[in-house]
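One letter stands for each residue in the lines below.
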Amino acid sequence: MSTLTVSFSDLSKNSKRVADTVEQAQRVHVTRRDGEDLYLTTERHDREREETADVTARLFAALIASDEGARAVLLALPEVFPWTRHLSAEEVREFVVDLINATRDVVELDVHANLHRVIVEWRATARILADPSLAVQLTEPLPSEDHGEVPAP
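Reading the values: rules and limits
- Residues numbered from 1 in each chain as written.
- Predicted model: local features only at pLDDT ≥ 70, side-chain atom pairs only at ≥ 80, totals over all residues.
- Heavy atoms only, no water.
- pLDDT = per-residue confidence, 0-100.
- Helix = DSSP H or I, 4+ residues; strand = E, 2+ residues; numbered from the N terminus.
- Phe/Tyr/Trp six-rings, centres within 6.5 Å; stacked < 30°, edge-to-face > 60°.
- Buried < 20%, exposed > 50% of the residue type's maximum accessible area, 1.4 Å probe, protein only.
- Core = buried A, V, L, I, M, F, W, Y, C linked by side-chain atoms within 4.5 Å.
- Contact = heavy atoms within 4.5 Å.
- Pairing = 2+ DSSP bridges.
- Axes fitted to C-alpha atoms, helices over the stretch in contact; angles between N-to-C directions.
- Salt bridge = Lys/Arg side-chain N within 4 Å of Asp/Glu carboxyl O.
- 1 Å grid on protein atoms, 1.4 Å probe; cavity = no way out; pocket = protein on both sides within 12 Å on 5 of 7 lines; lining within 4 Å.
- Points joined across faces, edges and corners; volume = space filled by probe spheres on them.
- Nonpolar A, V, L, I, M, F, W, Y, C, P; charged D, E, K, R; others polar.
- Domains from an automatic or database assignment.

*Asks:* What exactly am I supposed to notice about the confidence of the model for the chain here?
*Replies:* Detailed reading of the predicted coordinates is not advisable wherever pLDDT falls low. The pLDDT averaged across the chain works out to 90; a share of 99% of its residues lies at or above 70. Here helix α7 (residues 132-139) stands out as the element of the chain with the lowest mean pLDDT, 86, in contrast to helix α6 (residues 113-130), whose mean of 95 is the highest.

Next up, the structure:
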């Protein structure tokens, strides 16, 4: 799906035309030179995206509530996240729980960063486990010497 793009200056100079474009396209990417890019969207489109997230979160939660559903999710996981093959069975289960909880946070709290963080962190774990020498190095016991209290940042 491609998103139409306008510049911020075009938005400010031709706001009516851009608003009409948003109503037709439902979503427009606004580029800015002096800050993070923006997206303009219609209320209906935003509501539909929220409903999609809600249905997805509830569907996953319902699936893992039964043994058959949990097995189906576990079998589908490598198709969506191929790197999960480097995780142990217990780690995969933890990842699924974290993923579902983060998906619920999107719906219930409108917090999207947790979902992104969960995926990034588990992918990093899989990356470490995929490299045997790195995995050994990072899982070695730390020296037993105490270096004192760590000051708060």
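*Asks:* For this particular structure, what's the right way to read the environment of Pro-143?
*Replies:* Looking at the element boundaries, Pro-143 is found in the segment after α7. Once the C-alpha coordinates of Pro-143 and Val-118 are considered, the two residues, 25 residues apart in sequence, prove to be 29 Å apart.

*Asks:* Any chance you could explain the packing of aromatic side chains here in plain terms?
*Replies:* Each aromatic ring pair is described using two quantities: the centre-to-centre distance and the angle formed by the ring planes. Enumeration according to the criterion identifies four aromatic pairs in this entry. Ring geometry for Phe-81 and Phe-95: centres 5.2 Å apart, planes at 85 degrees, overall edge-to-face. Here Phe-81 is found in the loop between α4 (67-80) and α5 (89-109), whereas its partner Phe-95 is found in helix α5, with 14 residues between them in sequence. In this pair, the class of Phe-81 matches that of Phe-95, namely buried. An aromatic cluster is built from Phe-81, Trp-83, Phe-95 and Trp-122, whose rings are joined through pairwise contacts.

*Asks:* Where do I start with the nonpolar core in this structure?
*Replies:* Across soluble globular proteins, you tend to see nonpolar side chains buried next to one another. Counting 16 residues, the largest nonpolar core has Leu-77, Phe-81, Trp-83, Leu-87, Phe-95 and Trp-122 as its most contacted members. For this core, the elements supplying multiple residues, two or more each, are α4, α5 and α6. Per-element tally for this core: the top contributor is α5, with six residues. Leave out the neighbours within four places in its chain, and Phe-81 touches Phe-95, Leu-99 and Ile-119. Counting six residues, the second largest nonpolar core, distinct from the first, contains Leu-11, Val-18, Val-22 and Val-28.

*Asks:* Explain the sheet that holds strand β2 (residues 27-31) here, please?
*Replies:* Hydrogen bonding along the main chain pairs the strands of a sheet, whether they run parallel or antiparallel. Strand order in the open sheet formed by three strands is β1-β2-β3, with mixed pairing between adjacent strands. The open sheet terminates on both sides in strands that have one partner only, identified here as β1 (4-7) and β3 (38-41). If you compare each strand with its neighbour and ignore which way they point, the axes differ by 30 degrees on average. Helix-sheet contacts for helix α2 (residues 15-25) involve β1, β2 and β3, and the interaxial angle to β2 is about 135 degrees.

*Asks:* I would appreciate a short explanation of the pattern of salt bridges in the present structure.
*Replies:* Should the charged atoms of two oppositely charged side chains come close, the side chains can pair. Counted according to the given criterion, the structure contains eight salt bridges. The salt bridge partner of Arg-58 is Asp-54, with a shortest N-O separation of 3.2 Å. Here Arg-58 and its partner Asp-54 are both found in helix α3 (residues 43-64), four residues apart, which amounts to about one turn of the helix.

*Asks:* Sorry, what's going on with the layout of surface pockets here?
*Replies:* If a probe as big as a water molecule is rolled over the atoms, it shows which places are left empty. Space inside the largest pocket adds up to approximately 700 Å³. Lining the largest pocket are 28 residues, and of these Arg-49, Ala-53, Val-106, His-112 and Leu-115 sit closest to its centre. Elements supplying a minimum of two residues to the lining of the largest pocket: β3, α3, α4, α5 and α6. Classifying every residue of the lining of the largest pocket gives 16 nonpolar, six polar and six charged. Composition of the lining of the largest pocket by domain shows at least three residues from each of domain 1 (5-41) and domain 2 (47-139).

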